[in-house]
Amino acid sequence: MKLFLDTANLEEIRKVAAMGLLDGVTTNPTLVSREKGAFKDILRNICEVVPGPVNAEVVSTDTEGMLKEGHELAKIHPNIVVKIPMTRAGLVAVRKLSSEKIPTNVTLIFSPNQALLAAKAGASYVSPFLGRLDDISHVGMDLVRQIVAIFDNYEFETEVLAASLRNPVHIVEAALAGADISTLPAKVFDQMFDHPLTDIGLRKFLEDWEKVKQTI
Ligand code: E4P
């Protein structure tokens, strides 16, 4: 499973990219609103440090506006993926961009039918938002399982990008469900490294090595 960071913060992205563990980045208007600087500069800087797809979202709600924004975003860097909301107008834009070989990610997916329509429109990625479903007492991960099964049945090439992940258990479940990608806040990415038994075990090994050292 590929791991993306769900942030527009360059420092967070640099840290994970430097470890060689970063496959891509997702941003959205809310994440970008937390950063300083011009939108396109933020994206350009992110693309310079990320060795894979960088998702940038359009804010128009009509097809024509989405296409205009999509074309502008795609010019920023070859790794840009145009993120388009799951609407009727959005899927028409996805079909057009896909015919021009511009990669797209259909965002705000909350049902398997939405994912099916997005895949049929030619989306490169679909983004089911698990945490937001959990927030309203639905099992978000069931949606990923359903989408993965449907895409497998019909051999869609559209990748399933598990989004709105809030904790390390979400990542395990998304991996078991067969999601192609999980996108995580930097804090959750960091939490994946930790286990108290690893810390205790390492401390003990280093203590015991002190005794061996005296014999060298
Ligand atoms: C994904 O592309 C979205 O940016 C993101 O995962 C949304 O997460 P949230 O529900 O925590 O805002």
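Described in the following lines is the structure provided in the data block. Not measured: the values here are computed from a predicted model. (Residues numbered from 1 in each chain as written. Predicted model: local features only at pLDDT ≥ 70, side-chain atom pairs only at ≥ 80, totals over all residues. Heavy atoms only, no water.)

1. Topic: the layout of surface pockets
So, point 1. Approximately 360 Å³ is the volume found for the largest pocket.
So, point 2. Contributing to the lining of the largest pocket are 20 residues, with Asp6, Asn28, Leu31, Arg132 and Ser164 lying nearest its centre. (1 Å grid on protein atoms, 1.4 Å probe; cavity = no way out; pocket = protein on both sides within 12 Å on 5 of 7 lines; lining within 4 Å. Points joined across faces, edges and corners; volume = space filled by probe spheres on them.)

2. A few points about the site of the ligand
So, point 1. Within the structure, the ligand sits among Asp6, Thr26, Asn28, Lys83, Phe129, Arg132, Ala163, Ser164 and Arg166.
So, point 2. In the environment of the ligand, an oxygen atom lies 2.6 Å from a nitrogen or oxygen atom belonging to the side chain of lysine 83.
So, point 3. Coverage of the ligand by the protein amounts to 85% of the 350 Å² it exposes when considered alone.
So, point 4. In this structure the site holding the ligand corresponds to the largest pocket.
So, point 5. A breakdown of the residues in the shell around the ligand according to their chemical character gives 2 nonpolar, 3 polar and 4 charged. (Near = heavy atom within 4 Å. Polar contact = N/O pair within 3.5 Å; in protein donor to acceptor, adjacent residues only side chain to side chain. Areas by Shrake-Rupley, 256 points an atom, 1.4 Å probe, with all protein chains shown as cover. Sits in = over half its atoms within 2 Å of the grid points. Nonpolar A, V, L, I, M, F, W, Y, C, P; charged D, E, K, R; others polar.)

3. Structural notes on the side chain of threonine 63
So, point 1. Note that threonine 63 resides in helix H4 (residues 63-76).
So, point 2. Side-chain polar atoms of threonine 63 contact the backbone oxygen of alanine 89, separated by 3.0 Å.
So, point 3. Discounting residues that sit within four places of it in the chain, threonine 63 has contacts with Ala89, Val92 and Ala93. (Helix = DSSP H or I, 4+ residues; strand = E, 2+ residues; numbered from the N terminus. Contact = heavy atoms within 4.5 Å.)

4. Some words on the pairing of strand S7 (residues 159-162)
Side-chain direction in a regular strand flips from residue to residue, so the side chains alternate between the two faces of the sheet.
So, point 1. Across the two faces of S7 the burial is the same, with Glu159 and Leu161 and Val160 and Ala162 all buried.
So, point 2. Note that strand S6 (residues 125-128) and S7 share 2 bridges and pair parallel. When the sheet's bridge partners are listed, valine 126 is paired in S7 with valine 160.
So, point 3. Both S7 and strand S8 (residues 181-184) contribute to a ladder of 2 bridges, which runs parallel. By the bridge assignment, leucine 161 is partnered in S8 with isoleucine 181.
So, point 4. The β-α-β motif built from S7, the intervening helix H9 (residues 168-177) and the parallel element S8 has right-handed crossover chirality. (Buried < 20%, exposed > 50% of the residue type's maximum accessible area, 1.4 Å probe, protein only. Pairing = 2+ DSSP bridges. Right-handed = clockwise from strand over helix to strand, strands pointing away.)

5. Brief notes about the pairing of strand S3 (residues 54-57)
So, point 1. What you see with S3 is no split at all: Val54 and Ala56 on one side and Asn55 and Glu57 on the other are buried throughout.
So, point 2. Summarising the sheet, S3 and strand S4 (residues 80-85) pair through 4 bridges and their orientation is parallel. Bridging from a neighbouring strand, alanine 56 pairs with valine 82 of S4.
So, point 3. In this view, the connection linking S3 to its parallel neighbour S4 by way of H4 has right-handed handedness.

6. Brief notes about helix H8 (residues 140-154)
So, point 1. If you check H8, its first and last C-alpha atoms are 22 Å apart, about what 15 residues at 1.5 Å a residue would give, namely 21 Å.
So, point 2. Taken together, the buried positions of H8 are occupied by Gly140, Met141, Leu143, Val144, Ile147, Val148 and Phe151. Mapping the buried residues of H8 onto a view down its axis gives an arc of 150 degrees, with all of them on the same face.
So, point 3. Lining the buried residues of H8 we find strand S5 (104-109), helix H6 (112-120), S6, helix H7 (130-135), S7 and H9.
So, point 4. Phi turns positive, to about 50 degrees, at glutamate 155, one or two residues after H8. (Expected span 1.5 Å × (residues − 1). Arc of directions from axis to C-beta.)

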